[in-house]
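Given next are the chains, with one letter for each unit.
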Amino acid sequence: MSIETTAAAFFEACESGKGWAGCAVYCHDDAGFSCQSGALAEVKTVKGYADWMAGIFKPMPNASYDLKAFSTDEARGVVTAYAVFKATHSVDGHIPATGQSTSSDYVYAMAFEDGKVRHVTKIWNDAVALAELGWA
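Residues numbered from 1 in each chain as written. Predicted model: local features only at pLDDT ≥ 70, side-chain atom pairs only at ≥ 80, totals over all residues. Heavy atoms only, no water.

Draft legend 1. Highlighting helix 3 (residues 46-56). Among all positions in helix 3, only Val-46, Tyr-49, Ala-50, Met-53 and Ile-56 are buried. On an axial view of helix 3, the arc spanned by its buried residues comes to 110°, and they lie on one face. The secondary structure elements touched by the buried residues of helix 3 are helix 1 (3-15), helix 2 (19-23), strand 1 (27-35), strand 3 (78-88), strand 4 (101-113) and strand 5 (116-124). (Buried < 20%, exposed > 50% of the residue type's maximum accessible area, 1.4 Å probe, protein only. Helix = DSSP H or I, 4+ residues; strand = E, 2+ residues; numbered from the N terminus. Arc of directions from axis to C-beta. Contact = heavy atoms within 4.5 Å.)

Draft legend 2. Summary view of the layout of surface pockets. If you add up the space inside the largest pocket, you get close to 470 Å³. Trp-52, Ile-56, Pro-59, Met-60 and Trp-135 are, among the 21 residues lining the largest pocket, the residues nearest its centre. Breaking the lining of the largest pocket down by element, the ones donating at least two residues are helix 3, strand 4, strand 5 and helix 4 (126-133). At four residues, the largest contribution of residues to the lining of the largest pocket is made by helix 3. Here the lining of the largest pocket is built from residues that sort into 14 nonpolar, five polar and two charged. (1 Å grid on protein atoms, 1.4 Å probe; cavity = no way out; pocket = protein on both sides within 12 Å on 5 of 7 lines; lining within 4 Å. Points joined across faces, edges and corners; volume = space filled by probe spheres on them. Nonpolar A, V, L, I, M, F, W, Y, C, P; charged D, E, K, R; others polar.)

Draft legend 3. Looking closely at the side chain of His-89. Considering the arrangement of structural elements, one finds His-89 in the loop between strand 3 and strand 4. Only 3.1 Å separates the side chain of His-89 from the backbone oxygen of Val-91, close enough to count as a polar contact. Within the local environment of His-89, its side chain forms a polar contact with the side chain of Trp-135, the two groups lying 2.8 Å apart. Look past the residues within four positions of His-89 in its chain and what remains in contact with it is Pro-59, Met-60, Ile-95, Pro-96, Ala-97, Thr-98, Gly-99, Gln-100, Leu-133 and Trp-135. (Polar contact = N/O pair within 3.5 Å; in protein donor to acceptor, adjacent residues only side chain to side chain.)

Draft legend 4. Structural detail: the nonpolar core. Core analysis: the biggest nonpolar cluster contains 37 residues, and Phe-10, Tyr-108 and Met-110 have the highest contact counts within it. Elements with a minimum of two residues in this core: helix 1, helix 2, strand 1, helix 3, strand 3, strand 4, strand 5 and helix 4. In terms of residue count, helix 1 provides more of this core than any other element does, six residues in total. Sequence-distant contacts of Phe-10, defined by excluding residues within four places in its chain, comprise Cys-23, Tyr-26, Cys-27, Val-46, Tyr-108, Met-110, Val-117 and Val-120. (Core = buried A, V, L, I, M, F, W, Y, C linked by side-chain atoms within 4.5 Å.)

Draft legend 5. Just the sheet that holds strand 2 (residues 64-73), in detail. Taken together, five strands build an open sheet; the order of strands is 1-5-4-3-2 and the sheet is mixed. Taken across any chain shown, the strands that pair with only one partner, and hence form the sheet edges, are strand 1 and strand 2. Across the sheet, the axes of successive neighbouring strands diverge by a mean angle of 20°, strand direction being ignored. When strand 2 meets strand 3, the two strands line up antiparallel, connected through nine bridges. Note on strand 3: the bridge partner recorded for Ala-69 is Tyr-82. Here helix 3 sits on the sheet in contact with strand 1, strand 3, strand 4 and strand 5, set at roughly 70° to strand 1. (Pairing = 2+ DSSP bridges. Axes fitted to C-alpha atoms, helices over the stretch in contact; angles between N-to-C directions.)

These figures come from the coordinates and say nothing about function on their own.
Printed below as a string of structure tokens:
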């Protein structure tokens, strides 16, 4: 399987809330994760991030994404995906449902080793998304 095909399958599993159970097959067990955002400051592994994403679907069951671009840099072993996350906070969770929505741009840079995801960097402005949802 090409890294592009693996990246696409991983991206779909992660962004549709499948959690680590749905993502693990595409990743190294110890795959790293980074994101310069307060909301994800404590998340250091792809496993942790995939499970965090699965948790997002509890207060926002209508969560979805609109994939805008997808590219592969074979020479560097990196696949990037640019998408827009869309959701409405409609279910009570850690805080009562706000009924507010977000449309939030983000990019994944997925680094590969031996055909599997070794590291994911997420580029995302969490402050804007959280404000739109009424969480900040």
